[in-house]
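# Structural characterization, general
One letter stands for each residue in the lines below.
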Amino acid sequence: MKATNLKVTLLPHTPFLLEDGKFDLKRAMSYQGQIGGICYSEDGLMASFSENEEKTEKRVNGTTSGEHQTVFEHVNVGLYLQGSPKFLNMILNNEHQYSTSERSLRYTTIKEWELPSAFIEFYNKWNDIFFTKIKSAYGGIKSDKQIMKLAMENSRYLMPVTIPTEMVHTLPLAQLNRVTNYLMDYRDNGVNGKKDNLHEQMVPYIDEFIGQLREANVIDDRLLSNRKHRSLSIFGEDLKDTERYFGDVYSTVYESSFASLAQAQRHRTIYYQMERQNDNEISYFVPPIISDDPILTSMWFEDNQYLAKEFGSIPQSEKVIVSEKGTFDNFVMKMKERLCSAAQLEVAMQTEETRDEYYNYLVEQGNDKASKMEPYMNGARCTFPDYDCPKDCGFKEGKLLVRKI
């Protein structure tokens, strides 16, 4: 197995944590088994806490084997992932039942020891290019510090989806075990039996991740059962055939970079799936600040293709097919988050595109929801009647949704 630098640590906000940093799994399972007694006991929860150990263990075994596992979601496990590949974080962040704080390459610089020198050279090269372009267009509005952050945001598109990063990820014990089972399925079978180069690159990290979870003693084999044959939610199949519909609920499909999907999927009330394109259909997102420059655009494609071919890299700029499904109300909440000059540009552009598609569909269908969408059609969230902006950015292009950064 290929060596990785992935390290998984349990954080102090994890209950039942032992002095050696490992998890007291038996005590945690027994405690939750006692909580489960509230469902059946005539005498209430306190009676479960005072029952004998054998009765609790019998209930634990019965509920786990029958996949009545919600009771084992009362205890949360706090994981600190260091050296974790970005796409592993994306996999985890698509499972909805979690809290995450993740290092952002929009705001932090990639370090020389994190990637081969060739990647760092391209990263620095494009930082310089983007800085020059952004300063020329927006130097009167943005400070040099702000411009550098925006340059980094665009340069990171060239970096691989397996770039090491770090994340704090907190989720229920039962959910952690379910996701572990889904990861095992993906490791062994790929996506519906298909194994591409992304799968190949992820397998060593998945093995290491699961191995360290076992070492930390947070895996209970009884919770790994999967009679419903569920799998990782991030992967879809035949997504191009997804039917578009907009009403009280909506369903749409579009192309998005890995980087943009990583931003969008953090809306846990919305359901996202992705599917990679065939090798002969792969394309890359072009940052708008260079899209009107044919020389830089050509260079951008060449550099993405070079890194992909020379190093087997899968750049974060690679476009994947994305299926997005949710409710009207939750899409409005997404607009209140992403239609903002501070939001990542690509995800803001995609949100605006879906908003327009949603509204036009409602109008064509004569749906009363069209009038409810109208207040959100005039620009960024600061123009919404039901959003209170904490600070005026003073960025006209951002408010009008015509910015290129």
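Look up: the structure comes first, before these words.
Just so it is clear, the model here is predicted, and its values are computed rather than measured.

## A short note on helix 12 (residues 328-338)
Residues of helix 12 that are buried include every one of Phe328, Phe331, Val332, Lys334, Met335, Lys336 and Arg338, and no others. Where helix 12 is buried, its residues touch strand 6 (249-257), helix 9 (258-264), strand 7 (271-276), strand 8 (319-327), helix 13 (345-364) and helix 14 (369-373).

## Regarding the packing of helix 4 (residues 86-93) against helix 8 (residues 197-215)
The contact between helix 4 and helix 8 brings their axes to 10 Å, and the two run at 75°. With respect to helix 8, the element helix 4 is oriented roughly perpendicular. Contacts between helix 4 and helix 8 pair Phe87, Leu88 and Leu92 from the former with Leu198, Met202 and Phe209 from the latter. The class makeup of the residues in the contact of helix 4 with helix 8 is six nonpolar, no polar and no charged.

## A word on the side chain of Glu346
Position of Glu346 among the secondary structure elements: in helix 13. Within the buried set, Glu346 has no salt-bridge partner at all; the shortest N-O distance to an opposite charge, 6.7 Å, is to Lys319. Side chain to side chain, Glu346 and Ser257 meet in a polar contact 2.6 Å long. When near neighbours in sequence (up to four residues on either side) are disregarded, Glu346 contacts Tyr157, Ser256, Ser257, Ser260 and Phe285.

## Observations concerning the side chain of Arg338
On the secondary structure map, Arg338 appears in helix 12. This buried residue, Arg338, is left without a salt bridge; Glu337 holds the nearest opposite charge, at 4.7 Å.

## A word on a nonpolar patch on the surface
Taken together, the side chains of Tyr31, Met46 and Phe49 present a nonpolar region at the surface, about 290 Å² in accessible area. Within the secondary structure, Met46 sits in helix 2 (residues 45-49).

## Digging into the pattern of salt bridges
Two side chains carrying opposite charge are able to pair once their charged atoms lie near each other. Taken as a whole and judged by the stated rule, the model has 27 salt bridges. When the shortest N-O distance is used, the salt bridge between Asp220 and Arg222 registers 2.8 Å. Each of Glu57, Asp220 and Arg222 takes part in salt bridges that share partners, so that together they form one network.

## Side note on the pairing of strand 2 (residues 76-85)
The buried fraction of strand 2 amounts to seven of the 10 residues, a majority that puts the element mostly inside the structure. In the sheet, strand 1 (residues 7-10) pairs with strand 2 via four bridges, with the strands oriented antiparallel. Paired with Val8 across the two strands is Leu81, which belongs to strand 2. With nine bridges joining them, strand 2 and strand 4 (residues 164-172) adopt antiparallel strand pairing. Across the sheet, the residue bridging to Asn76 is Pro172, located in strand 4.

## Remarks on the sheet that holds strand 5 (residues 245-246)
In spatial order, the strands read 5-6-8-7; together these four strands make up an open sheet with antiparallel pairing. Sheet topology places strand 5 and strand 7 at the edges, where each strand pairs with a single neighbour. As paired strands, strand 6 and strand 8 are joined by nine bridges and run antiparallel to one another. The residue of strand 8 that forms the bridge with Glu255 is Ile321.

## Digging into the packing of aromatic side chains
Counted by the stated rule, this structure contains 23 aromatic pairs. Ring centres of Phe16 and Tyr31 lie 5.6 Å apart, and the angle between their planes is 50°; this geometry places the pair in the tilted category. In this pair, Phe16 is assigned in the loop between strand 1 and helix 1 (25-36) and Tyr31 in helix 1, connecting sequence segments 15 residues apart. Three or more aromatic residues joined by ring pairs make a cluster, and in this case those are Tyr245, Phe246, Tyr250, Phe328, Phe331, Tyr358 and Tyr361. The ring of Tyr98 carries Arg268 above its face, with NZ or CZ at 5.0 Å from the centroid. Lys369 extends its terminal NZ or CZ atom over the ring of Phe328, reaching a point 5.4 Å from the ring centre.

## Digging into helix 11 (residues 294-311)
A rise of 1.5 Å per residue sets the reference length of helix 11, with its 18 residues, at 26 Å; its end C-alpha atoms lie 26 Å apart and thus fit the reference within 8%. For helix 11, the full list of buried residues reads Leu296, Thr297, Trp300, Asp303, Asn304 and Leu307. Buried residues of helix 11 fall within an arc of 125° about the axis and therefore sit on the same side. Counted as exposed and oriented over 90 degrees from the buried face of helix 11: Pro294, Ile295, Lys309 and Glu310. Looking at the buried residues of helix 11, the elements they touch are helix 5 (117-138), helix 6 (144-155) and helix 10 (288-291). Looking at where helix 11 begins, the residue whose side-chain oxygen comes 3.1 Å from the main-chain nitrogen of Ile295 is Asp293. Just past helix 11, the residue Gly312 takes up positive phi, approximately 65°.

## So, unusual backbone geometry
Glycine aside, the phi torsion of most residues is negative, and most peptide linkages are trans. Non-glycine residue His229 carries a positive phi angle of around 55°. Mapped onto the elements, His229 comes out in the loop between helix 8 and strand 5. On the accessibility criterion, His229 (69% relative accessible area) is exposed. For Leu401, which is not a glycine, the phi torsion comes out positive at approximately 60°. For Leu401, the position within the fold is in the segment after helix 15 (396-399). Using a relative accessible area of 16% as the deciding quantity, one classes Leu401 as buried.

## What to know about the environment of Ser48
Structurally, Ser48 can be placed in helix 2. Exposure remark for Ser48: the relative accessible area of 2% places this residue in the buried category. As for Ser48 and Val363, which are separated by 315 residues in sequence, their C-alpha atoms are 57 Å apart. Once you skip the residues sitting within four places of it in the chain, Ser48 turns out to touch Gln34, Gly37, Ile38 and Ser41.

Conventions adopted
Residues numbered from 1 in each chain as written. Predicted model: local features only at pLDDT ≥ 70, side-chain atom pairs only at ≥ 80, totals over all residues. Heavy atoms only, no water. Buried < 20%, exposed > 50% of the residue type's maximum accessible area, 1.4 Å probe, protein only. Helix = DSSP H or I, 4+ residues; strand = E, 2+ residues; numbered from the N terminus. Contact = heavy atoms within 4.5 Å. Axes fitted to C-alpha atoms, helices over the stretch in contact; angles between N-to-C directions. Parallel < 35°, antiparallel > 145°, perpendicular 65-115°, else oblique. Nonpolar A, V, L, I, M, F, W, Y, C, P; charged D, E, K, R; others polar. Lys, Arg positive; Asp, Glu negative; His and termini not counted. Salt bridge = Lys/Arg side-chain N within 4 Å of Asp/Glu carboxyl O. Polar contact = N/O pair within 3.5 Å; in protein donor to acceptor, adjacent residues only side chain to side chain. Patch = residues over 30% accessible without salt bridge, like charges linked within 9 Å, V, L, I, M, F, W, Y side chains within 5 Å. Areas by Shrake-Rupley, 256 points an atom, 1.4 Å probe, with all protein chains shown as cover. Pairing = 2+ DSSP bridges. Phe/Tyr/Trp six-rings, centres within 6.5 Å; stacked < 30°, edge-to-face > 60°. Lys NZ or Arg CZ within 6 Å of the ring centre and 35° of its normal. Expected span 1.5 Å × (residues − 1). Arc of directions from axis to C-beta.

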